[in-house]
Amino acid sequence: MSQNLAVTLTNLSLAQLVEFMASLGEPAYRARQVYRWLYRSLADDFSAMHNLPAALRARLGEVAHLGALQPLTTLTAADGLTRKVLFRLADGNAIESVLMLYAPGNDSRGRCTVCVSTQAGCALDCAFCATGKGGLMRNLTAGEIVEQVLYFARQFPSSLRAETLSRSPERSEGAAKGQRSNLSHGATVRLLRRSTPRNDSQEEAAVPGAAASTITNVIFAGMGEPLANYAATWAAVERLNDPAGFGLGARHMTISTAGLLPGIRRLAGEKLQVNLAVSLHAPDDVLRAQLMPIARRYPLAALLAACREYSDKTGRRVSFEYLLIDGVNSSPAQARQLAALLEGMLCHVNLIPLNPIAESPWRPPGHEVVLAFERELARRGIATTLRSARGVEIQAACGQLRARQDGRTRTAVTVQGSLAVGLLGLLQAIVLG
Ligand code: SAH
């Protein structure tokens with residue numbers, strides 16, 4: 001069977017994999033073995049699955065494949081703790097994912113967060129966002145979403161760990177100059193050693209080479225609008241959560257939306273409770289509609305009512321993302337308006353200085369303006385976090401990727417990213433040619 005007709009196994013739930021294996025005349029336990037190889041041992045090659053008969057491995061190689069993503073480019077911040085990967089999809093479209101490492105602190109054990117795309121491109125056309133400029137190519141499949149996480153999970157603790165440590169400032173110039181980066185060498189090692197606890201059954205533990213991933217959090221805030229691709233996004237959440245497989249707790253996953261009401265209501269009714277982040281960006285409908293055309297369909301009053309309903313139903317705090325754009329939405333009066341809107345809500349505001357994009361004259365405000373905005377919210381009792389810039393040097397490197405020549409194919413790459421986002425790393429890439 002050609003690769004085009006072959007089944008992408010990451011698109012299948014365990015139940016679907018059982019059916020697929022049955023179609024090959026294989027019993028259900030074989031499907032469970034393959035599933036564990038995929039999500040627990042993080043195998044990316046049938047030949048590694050050595051508890052399967054050789055003939056079955058060969059057959060699987062003909063009728064199925066394990067990977068729908070081809071990594072094209074990796075951009076790494078100088079501290080080695082933030083990296084963006086540009087993936088090519090089987091149909092030639094491209095998406096980006098970001099890995100962000102956070103050091104263990106007094107109140108946390110450290111995090112290893114993957115930010116995934118849910119669509120190639122985006123239809124929402126927010127004025128400040130580079131992804132929207134290219135329009136929507138298509139929805140990603142659940143497999144393409146899940147594989148972004150598996151990709152980084154596979155990198156740990158082997159190649160990425162080695163590279164991270166060897167590239168960390170303490171190991172190179174930093175060590176020589178006695179400088180400290182914000183994540184010490186020891187902290188990196190501890191972070192990477194802390195793996196998500198899994199409930200290994202005896203059978204699962206018996207899988208040779210099984211390695212739990214070090215990924216602690218997944219955020220659906222890369223390219224695209226997750227709630228406009230609800231089915232695949234939710235299938236990815238369930239797949240990543242499955243205790244028989246990857247086993248990532250629902251509370252370790254966050255879906256970021258521009259405010260698609262039907263999707264928010266649907267999320268509120270799901271059994272698994274993930275975190276909800278809503279991109280607000282303006283305290284009134286007129287300005288919001290200028291920044292985010294989708295706001296014309298879902299005005300603030302209805303959106304916030306749905307968010308209240310979400311936290312009432314789930315008991316969970318909603319996060320609001322608020323980009324700060326100089327002279328547009330960042331005055332103290334607008335902060336007061338925002339505080340009034342959110343009064344009494346179980347919520348948290350993430351303030352994110354705009355990451356400027358080439359197509360727009362907008363810039364982030366100066367630090368004083370940002371602090372004044374934060375102060376106004378804090379004074380009114382709104383829990384607020386100011387997201388700091390992260391991996392900005394990756395952006396600098398982005399320009400260098402433009403019109404990159406790779407010998408056989410000429411790939412012009414434009415990457416505009418806001419790795420400044422902390423919780424919500426933003427990724428956008430347009431690949432031409
Ligand atoms: N469509 C979803 C998820 C993808 S965008 C959403 O709107 O939430 C993820 C986050 O990045 C959103 O909060 C989005 O508003 C933000 N973002 C988009 N462009 C940005 C830019 N130029 N600078 C900083 N953040 C940006």
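Look up: the structure comes first, before these words.
Criteria and thresholds
- Residues numbered from 1 in each chain as written.
- Predicted model: local features only at pLDDT ≥ 70, side-chain atom pairs only at ≥ 80, totals over all residues.
- Heavy atoms only, no water.
- Core = buried A, V, L, I, M, F, W, Y, C linked by side-chain atoms within 4.5 Å.
- Buried < 20%, exposed > 50% of the residue type's maximum accessible area, 1.4 Å probe, protein only.
- Helix = DSSP H or I, 4+ residues; strand = E, 2+ residues; numbered from the N terminus.
- Phe/Tyr/Trp six-rings, centres within 6.5 Å; stacked < 30°, edge-to-face > 60°.
- Lys NZ or Arg CZ within 6 Å of the ring centre and 35° of its normal.
- Near = heavy atom within 4 Å.
- Polar contact = N/O pair within 3.5 Å; in protein donor to acceptor, adjacent residues only side chain to side chain.
- Areas by Shrake-Rupley, 256 points an atom, 1.4 Å probe, with all protein chains shown as cover.
- Contact = heavy atoms within 4.5 Å.
- Salt bridge = Lys/Arg side-chain N within 4 Å of Asp/Glu carboxyl O.
- Axes fitted to C-alpha atoms, helices over the stretch in contact; angles between N-to-C directions.
- Parallel < 35°, antiparallel > 145°, perpendicular 65-115°, else oblique.
- Left-handed = near helix turned anticlockwise from the far one by under 90°.
- Nonpolar A, V, L, I, M, F, W, Y, C, P; charged D, E, K, R; others polar.

Chemist: Kindly report on the nonpolar core, identifying the contributing residues and their values.
Modeler: Counting residues in each nonpolar core, the largest one holds 107 residues, and the members touching the most others are Leu-9, Phe-20, Ile-215, Phe-220, Phe-246, Phe-320 and Leu-342. Take this core: its biggest share by element is 7 residues, from helix α5 (residues 142-155). Core analysis: the next-biggest nonpolar cluster, separate from the first, contains 6 residues, Val-98, Met-100, Tyr-102 and Cys-115 among them.

Chemist: Give me the lowdown on the packing of aromatic side chains, citing residues and values where you can.
Modeler: Enumeration according to the criterion identifies 5 aromatic pairs in this entry. With 4.9 Å between their ring centres and 85° between their planes, Phe-87 and Tyr-151 make a pair best called edge-to-face. Remark: Tyr-151 occurs in helix α5 and Phe-87 occurs in strand β4 (residues 82-89); sequence separation between them is 64 residues. An aromatic cluster of three or more residues is present, and its members are Phe-87, Tyr-151 and Phe-152. One Lys or Arg, Arg-111, reaches over the ring of Tyr-102 and ends 4.1 Å from the middle of that ring.

Chemist: Quick one: what's the story with the site of the ligand, residue by residue and with numbers?
Modeler: If you check the shell around the ligand, you find 18 residues, and the closest are Glu-225, Ser-256, Ser-279, His-281 and Asn-355. A distance of 2.6 Å separates an oxygen atom of the ligand from a polar atom in the side chain of Ser-256. Here an oxygen atom of the ligand and a backbone polar atom of Thr-257 are 3.5 Å apart. Here the ligand, which alone exposes 540 Å², has 97% of that area covered by the protein. Elements with a contribution of two residues or more to the shell around the ligand: β10 (253-257) and β12 (318-324).

Chemist: So what's going on with the side chain of Ser-319? Residues and values would help.
Modeler: With respect to the helices and strands, the residue Ser-319 is situated in strand β12. Ser-319 gets classed as buried once you look at its relative accessible area, which sits at 14%. Setting aside its immediate chain neighbours within four residues, Ser-319 contacts Leu-276, Ala-277, Val-278, His-348 and Asn-350.

Chemist: Please provide a residue-by-residue account of the pattern of salt bridges, values included.
Modeler: Taken as a whole and judged by the stated rule, the model has 7 salt bridges. Between Glu-144 and Arg-138 there is a salt bridge, with the nearest N and O atoms lying 2.9 Å from each other. For Arg-336, the salt bridge identified is with Glu-376, shortest N-O distance 3.5 Å. Residue Arg-336 is located in helix α14 (residues 332-342), and its partner Glu-376 is located in helix α15 (residues 367-379); the two are separated by 40 residues in the primary sequence. The exposure class of Arg-336 is partly exposed, given its relative accessible area of 36%. Exposure remark for Glu-376: the relative accessible area of 10% places this residue in the buried category. Through salt bridges with shared partners, a single ionic network connects Arg-336, Glu-376, Arg-379 and Arg-380.

Chemist: So what's going on with the packing of α5 against helix α10 (residues 230-241)? Which residues, and what values?
Modeler: Relative to each other, α5 and α10 sit at 45°, their axes nearing to 8 Å. Classified by the interaxial angle, the pair formed by α5 and α10 is oblique. The handedness of the crossing between α5 and α10 comes out as right-handed. Touching Ala-142, Ile-145, Val-146 and Val-149 of α5 are Ala-232, Thr-233, Ala-235, Ala-236, Arg-239 and Leu-240, all from α10. Its residues assigned to classes, the contact of α5 with α10 comprises 8 nonpolar, 1 polar and 1 charged.

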